[in-house]
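Here are the chains, one letter per residue:
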Amino acid sequence: MLIIKRDTVVYAMSPDNVPAAHARSGDTLCFETLDCFGGQITKPTDRMGQLDWSRINPATGPVCVEGARPGDTLKVEILNIDLAAQAVILEAPDNGITGLAATEEQIKLMPVVDGKVIFNEKIALPICPMIGVIGTAPADKAVSTGSPEAHGGNMDCKRIGAGSTLYLPVNVPGALLAMGDLHAVMGDGEVCVCGAEIGGAVTVRVTVLPGQSLPLPFLVTRTAAMALYSAEGLDAAAEGVTLRMRQFLHETVGLPAHEAGMLLSLAGELCICQAVDPNKTCRMELPLALLHNCGYVFP
Ligand code: CA
Ligand code: CA
């Protein structure tokens, strides 16, 4: 299996990035990742001011997938996520939503033991590993790995975990897939701008699909299908993801347009992935069974 080491990272998704590795459609590969701080926080007394901010949000890669051409879809099946033994989280003034109330910077290191994140003496949270940053290169600009856009990026969607399949746009030859910013667990919203930040290794299978039949980025889990959409404000993200899902249900799945809207209102779950990055990300989840009822099968 091809392994992409965590010493080959990028801090922007860009058409100008030099590939760290080359893969073929159908290959299984492993991305070793650093935590979002680049491993710079090792003790509770570390301070944000000491960090080298040019090393924040490293994404391992990018991988050039041979044969992927602009206008194609890159199917990324997330087969496994291994986590390091310790996660870190911080809260600080002016950082995210909770930072509006925070008066001092606090850093917490959290051991990951027996499938749980040890938060304090009384609280241990079951791990639910996810990928915060994952995307392809945009067509004509570099986008910081701190921000999500149409190419993916820092979407911080807690559903992007093992067993899910993420569909991303191919904007440049080879797609240039990169990922990082794993979280051992995170709640929707990511309100203090951190999940349980952690390094690890992600095993994926990449497949190039001709054309784009889904509103991208798009995610299918074992139980639900969902569009993901990022915009400058939460209202725009919510509207954008809902209208994309409605269009998909109508034009691709085949429901009458009004029924597509009605079904989303009855059975769709509009969720906030993260409300704290430069662009905000929402998802619109629909139970997979309803799409199967319509005879729709994902590519
Ligand atoms: Ca993130
Ligand atoms: Ca993060």
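Just above, that's the structure.
Keep in mind it's a predicted model, so treat the numbers as computed, not measured.

Participant: When you look at the pattern of salt bridges in this model, what are you seeing that I'm missing?
Facilitator: When charged atoms on two side chains of opposite charge get close, those side chains can pair. The tally for this structure, following the rule as stated, stands at nine salt bridges. The salt bridge partner of E149 is K141, with a shortest N-O separation of 2.8 Å. For E149, a relative accessible area of 26% puts it in the partly exposed group. Taking the shortest distance from any N to any O, the salt bridge between E285 and R283 comes out at 2.6 Å. The pair E285 / R283 is uniform in exposure class, with both members buried. Residues joined by salt bridges that share partners form a network here, namely K158, R159, D188, R283 and E285.

Participant: Mind showing me how you'd approach the coordination of the calcium ion (ligand 2) here?
Facilitator: Coordination angles at a metal have ideal targets, namely 109.5 degrees for four tetrahedral donors and 90 or 180 degrees for six octahedral donors. Coordination of the calcium ion (ligand 2) by the protein comes from D181 (OD), D181 (OD), H183 (NE2), E197 (OE) and E197 (OE), over a distance range of 2.2 to 3.1 Å. Read from N- to C-terminus, the donor residues coordinating the calcium ion (ligand 2) fall into the pattern D-x1-H-x13-E. Between the calcium ion (ligand 2) and the calcium ion (ligand 1), both coordinated by D181, there is a metal-metal distance of 3.3 Å. Here D181, found in strand β17 (residues 177-183), pairs with E197, found in strand β18 (residues 197-198); they are 16 residues apart in sequence, far enough to count as distant. This pair shows no difference in class: D181 is buried, exactly as E197 is.

Participant: What exactly am I supposed to notice about the environment of A231 here?
Facilitator: Note on placement: A231 falls in strand β21 (residues 224-231). Separated by 55 residues in sequence, A231 and L286 have C-alpha atoms that sit 21 Å apart. Residues within four places of A231 in sequence aside, it is in contact with A236, A237, N279 and K280.

Participant: Looking at this structure, I do not really get unusual backbone geometry. What am I missing?
Facilitator: Residues apart from glycine generally show negative phi values, whereas peptide bonds are mostly found in trans. In this structure, the amide linkage connecting G61 to the following residue, P62, adopts the cis form with an omega of 0 degrees. Inspection of the secondary structure puts P62 in strand β6 (residues 59-66). Of note, the amide linkage connecting L216 to P217 takes the cis form, showing an omega dihedral of -5 degrees. Locating P217 in the fold gives a position in the loop between β19 (200-209) and β20 (218-220). In this structure, D156 takes a positive phi of about 50 degrees despite not being glycine. The residue D156 is located in the loop between β15 (152-154) and β16 (165-169) in this model. Its relative accessible area of 1% is what places D156 among the buried residues. Phi angles above zero are rare outside glycine, and V193 is one such case at about 70 degrees. Checked against the element boundaries, V193 lands in the loop between β17 and β18.

Reading the values: rules and limits
Residues numbered from 1 in each chain as written. Chains lettered and ligands numbered in written order. Predicted model: local features only at pLDDT ≥ 70, side-chain atom pairs only at ≥ 80, totals over all residues. Heavy atoms only, no water. Salt bridge = Lys/Arg side-chain N within 4 Å of Asp/Glu carboxyl O. Buried < 20%, exposed > 50% of the residue type's maximum accessible area, 1.4 Å probe, protein only. Donors = N, O, S within 2.8 Å, 3.2 Å for Na, K, Ca; no water. Helix = DSSP H or I, 4+ residues; strand = E, 2+ residues; numbered from the N terminus. Contact = heavy atoms within 4.5 Å.

Treat this as a map of the structure, not an account of what it does.
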